[in-house]
Amino acid sequence: MLLGGVLLAVQALQLAGALDLPAGSCAFEESTCDFDSVFEFLPWILNEEGHYIYVDTSFAKQGEKAVLLSSDVQTEEWSCLRLVYQITTSSGSPSEPSRLNLYVRFDDESFDRLLWSAKEPSDSWLIASLDLQNSSKKFKILIEGVLGHGNTASIALFEIKITTGYCIECDFEENHLCGFVNRWNPNVNWFVGGGNMRNSHSILPQDHTFRSELGHYMYVDSVYVTHYQEVAQLISPVTTAPMSGCLLFYYQLQQGNDSIFSVYTRDAAGLYEEIWKMGNPGNADWNLAEVEFSAPYPMEVIFEVAFNGPKGGYVALDDISFSPVPCQNQTERPFSAVEASCNFEEDLCNFYQDKEGPGWTRVKVKPNMHRAGDHTSGLGYFLMANTKFTSQPGYIGRLYGPSLPGNWQYCLRFYYAIYGFLKMSDTLAVYIFEENHMVQDKIWSVLESPRGVWMQAEITFKKPMPTKVVFMSLCKSFWDCGLVALDDITIELGSCSSPEKLPTPPGECTFEQDECAFTQERRNRSSWHRRRGETPTSYTGPKGDHTTGVGYYMYIEASHMVYGQKARLLSRPLRGVTGKHCLTLFYHMYGAGTGLLNVYLKKEGDSEESLLWRRKGEQSISWLRVLIEYTCERRHQIIFEAIRGVSIRSDIAIDDVKFQAGSCAEMEDITQHSSGYSEDLNEIEY
């Protein structure tokens, strides 16, 4: 249980410099500053006595929303956005709780990016701390409150403030304590020291920030300890953007202190890692600690003190700061996700094979009705291990990845396809090769899989020593060998299934959870349908989706339609912006009677639709990628229209739709230049 109100004084924030608040900030004392309620939605109400704004069910219905939009904000230096809020609801657990969302809106994007979301009710004010990376691009902050079930549901905002610096930094001078919280313990806890605080039996020091009794710091006292090694924890806000560098803080211990003072990191899965431990207690004054710190994925920093008895004195902490420069001059190269990944379009990237012979061959397949192309675009290169040509059973084709620094958690993702094996078990395996000990540890292998379908594999692993990922193909018997295909290998820091990950951005849709924000003109048997696996009719439609091989996609079932009948899937309304936009999607048009797939642009207020792209007839047994570039400065929608062909073998499918700001040329695949088949690329301006 985290003590959010009593020990850390989270409830009351008083802004002394309210008149000098930076852009994107507001204390809601007498107005909403440079924030405005968006006219199309409910208004945020300013409390009659000031101090906060709110929306509640006294004047609104469940499901209605209130939206607050800031003026332009720019963070040329790394900044921290802190939001003080409260969500309340009726007693019980509502099936549809209220939700508070915070988005950033860039001028050149037609959708808003979700930065943070909360739905947990509370009887006190809570603090959300969000890191904003330095950027030259201007943006707006959009705060959305969506009311849930209940007669007394409400959402309130006390303050939003943007300050230069990192969210894990704190001098403990403000009442909100930068979002740091104490983990409640009946006997030992972190308290605020300095100022007028005189509730300790120990003689406490002056703070480090001001070197006077006016300043504040955090301290923990052993006077109430009753058990051996009782622990007090002070927990930082969760990092929300990757960072790496030097964590600095000042600490002071009472002489003769019998305690253990440590600093840990804790990830979203609850895994602790010690990054610093006090050795020599130092002098009686404030001591500076410098700790190498890296948070490539969401983490908390935990300052922990363990006392061995009630005479351990106190430990004080002040002026936590962070620098993106390492504490010491280091020669070790930082991890690069780009260097550790490969789609094999140009070469093997930083992957290589052992000296026993090239078991893996880089190949490509032209669009056809018999053999699937690569996973990246359907038209490019991938790796193939052909065990039919091996002279004896056993492992062939050892593919080594680049060296990975030790003691980090990694997420390995890749796509594979299996052909021809009677028994699929262990036909492809992944090993971790520890370079220092020459040890190989198997972390994954194929058990059973649909044949001829690109399947996604996800593996989370962590090793203390530098390692390499090794892909191996296996032929157990001379009479049972086949083909193993491999493509789109990515290695990133963090867990593959981190619970801290935000929902898919509104500009992307994989159809894994639902139809996202897409709608249909009508819903019946001849509409677009969300499906996984093969379509019911043979010799048409995909065998699996493009995202994972076992997920969902959208398709038309031709057997429920007549020749020439249309099904239309509409995007949510998109904001008109200046500049180019790139729409990326994967489509599947396999079947002798395949009809047409059209993509239209519909501008608000216009009765006519503009054709952006079209494909007619059977194209390939593979998922193919198309990039469609367009510009539109008015509010608009994108429409996917599938038209049934001459026979029931006319299923058409789409998957992995993505809207991006900028030119499609930035996302074009090398296959457009190196192959005889140019990937679909349209450029249309309206």
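Residues numbered from 1 in each chain as written. Predicted model: local features only at pLDDT ≥ 70, side-chain atom pairs only at ≥ 80, totals over all residues. Heavy atoms only, no water.

For the chain, the helix and strand inventory stands at one helix and 43 strands. Out of the 686 residues in the chain, the part that is buried amounts to 55%. If you take every contact in the chain between residues at least 6 apart in sequence, the share linking residues at least 24 apart comes to 79%. Surface exposure of the chain reaches about 31200 Å², of which carbon and sulfur atoms provide 50%. (Helix = DSSP H or I, 4+ residues; strand = E, 2+ residues; numbered from the N terminus. Buried < 20%, exposed > 50% of the residue type's maximum accessible area, 1.4 Å probe, protein only. Contact = heavy atoms within 4.5 Å. Areas by Shrake-Rupley, 256 points an atom, 1.4 Å probe, with all protein chains shown as cover.)

Next up on the list: empty space enclosed by the protein. Sizing a probe to match a water molecule and rolling it over the atoms shows the empty space that remains. Summed over all chains, the structure comprises four cavities of 30 Å³ or more. Computed from the structure, the largest cavity encloses a volume of approximately 90 Å³. Elements represented by at least two residues in the lining of the largest cavity include exactly β17 (259–267), β18 (272–277) and β26 (408–419). A breakdown of the residues in the lining of the largest cavity according to their chemical character gives five nonpolar, three polar and three charged. (1 Å grid on protein atoms, 1.4 Å probe; cavity = no way out; pocket = protein on both sides within 12 Å on 5 of 7 lines; lining within 4 Å. Points joined across faces, edges and corners; volume = space filled by probe spheres on them. Nonpolar A, V, L, I, M, F, W, Y, C, P; charged D, E, K, R; others polar.)

Turning our attention to the nonpolar core. In this structure, Trp190, Phe249, Phe261, Trp276 and Phe303 are the most contacted members of the largest nonpolar core, which totals 40 residues. Of all hydrophobic cores here, the second largest spans 34 residues; its members include Met561, Tyr587, Val599 and Ile652. (Core = buried A, V, L, I, M, F, W, Y, C linked by side-chain atoms within 4.5 Å.)

This brings us to the confidence of the model for the chain. Per-chain confidence: the chain averages 84 in pLDDT, with 86% of residues scoring 70 or above. In the model of the chain, helix α1 (residues 671–674) stands out as the element of lowest mean pLDDT, 32, in contrast to strand β35 (residues 552–556), which has the highest, 97. Note that residues 1–19 has pLDDT below 50 and, in this model, 43 contacts with residues that lie over four places away or in other chains. (pLDDT = per-residue confidence, 0-100.)

Taken as a whole and assessed by the stated rule, the structure comprises 22 salt bridges. One salt bridge in this structure joins Arg413 and Glu458, with 2.7 Å as the shortest N-O distance. Placement of Arg413 in strand β26 and of Glu458 in strand β29 (residues 455–463) is noted, with a sequence separation of 45 residues between them. Arg413 gets classed as buried once you look at its relative accessible area, which sits at 15%. (Salt bridge = Lys/Arg side-chain N within 4 Å of Asp/Glu carboxyl O.)

It is worth spelling out the sheet that holds strand β33 (residues 519–520) at this point. Taken in spatial order, the five strands of this open sheet run β33-β36-β41-β38-β39, and their pairing is antiparallel. The open sheet has two free edges, formed respectively by β33 and β39 (610–616), since each of these has just one partner strand. Bridge count between strand β38 (residues 596–603) and strand β41 (residues 636–643): eight bridges; the pairing is antiparallel. Its bridge partner being in β41, Leu601 is matched across the sheet by Ile638. (Pairing = 2+ DSSP bridges.)

Here we come to the state of the cysteines. Tallying each qualifying case throughout the model produces eight disulfides. Here Cys80 is linked by a disulfide to Cys167, with a sulfur-sulfur distance of 2.1 Å. Judged by the sign of its S-S torsion, about 105°, the cystine formed by Cys80 and Cys167 is right-handed. Of this pair, Cys80 sits in strand β6 (residues 79–88) while Cys167 sits in the loop between β11 (154–164) and β12 (181–183), and the two are 87 residues apart along the sequence. (Disulfide = S-S within 2.5 Å.)

The subject of this paragraph is the pairing of strand β8 (residues 113–118). A regular strand places its side chains so that they alternate between the two faces of the sheet. Sheet topology places strand β7 (residues 99–106) next to β8; five bridges connect them, and they run antiparallel. Bridge pairing in β8 places Tyr103 opposite Leu114. Hairpin connection from β7 to β8: six residues lie between these consecutive antiparallel strands.

Below, the discussion takes up the side chain of Asn182. Tracing the backbone through its elements, the reader meets Asn182 in strand β12. Polar contacts involving the side chain of Asn182 include one to the side chain of Asn189, which spans 2.9 Å. Within the local environment of Asn182, its side chain forms a polar contact with the backbone nitrogen of Trp190, the two atoms lying 2.9 Å apart. (Polar contact = N/O pair within 3.5 Å; in protein donor to acceptor, adjacent residues only side chain to side chain.)

Let us look at the pairing of strand β5 (residues 65–69). Counting buried residues along β5, four of its five residues qualify, which places the element largely inside the surrounding structure. Sheet topology places strand β2 (residues 36–37) next to β5; two bridges connect them, and they run antiparallel. Paired with Asp36 across the bridge in β5 is Leu69.

Spatial ordering of the open sheet is given by β3-β4-β11-β6-β9, a layout of five strands whose pairing is antiparallel. Whereas interior strands pair on both sides, the edge strands pair on one side only; in this sheet they are β3 (45–46) and β9 (126–132). As paired strands, β6 and β9 are joined by seven bridges and run antiparallel to one another. Residue pairing for β9: Leu81 is matched across the bridge by Leu130.

The next subject is the environment of Cys246. The residue Cys246 is located in strand β16 (residues 243–253) in this model. Residue class for Cys246 comes out buried when judged on its relative accessible area of 3%. In this structure the C-alpha to C-alpha distance between Cys246 and Val325, which are 79 residues apart in sequence, comes to 6.2 Å. Setting aside anything within four residues of it in sequence, one finds Cys246 in contact with Glu290, Val291, Ser321, Phe322, Ser323, Val325, Pro326 and Cys327.

The phi angle at Phe511 is positive, at roughly 65°, despite the residue not being glycine. Looking at where Phe511 falls in the secondary structure, it is placed in the loop between β32 (508–509) and β33. In this model, Cys516 sits at a positive phi of 55°, which is unusual for a non-glycine residue. As for its position among the elements, Cys516 is in the loop between β32 and β33.

This paragraph deals with the environment of Phe335. You can see Phe335 is positioned in the loop between β21 (314–323) and β22 (352–353). Non-local contacts of Phe335, meaning those with residues more than four positions away in its chain, are made with Ala340, Leu404, Pro405, Tyr410, Ile491, Glu492 and Leu493.

Glancing now at the packing of aromatic side chains. Scanning the model with the defined rule gives 34 aromatic pairs in all. Ring geometry for Tyr166 versus Phe322: centroids 4.6 Å apart, planes at 70°, classification edge-to-face. Of the two residues, Tyr166 is situated in the loop between β11 and β12 and Phe322 in strand β21; the sequence distance between them amounts to 156 residues. Accessibility expressed as a relative area gives 12% for Tyr166, which makes it buried. With a centroid separation of 5.0 Å and an interplanar angle of 85°, the aromatic rings of Phe414 and Phe471 are classed as edge-to-face. Of the two residues, Phe414 is situated in strand β26 and Phe471 in strand β30 (residues 467–475); the sequence distance between them amounts to 57 residues. Owing to a relative accessible area of 0%, Phe414 belongs among the buried residues under this scheme. Note on Phe471: relative accessible area 0%, which makes it buried. If you follow Lys137 out to its NZ or CZ, it ends over the ring of Phe106, 4.5 Å from the centre. (Phe/Tyr/Trp six-rings, centres within 6.5 Å; stacked < 30°, edge-to-face > 60°. Lys NZ or Arg CZ within 6 Å of the ring centre and 35° of its normal.)

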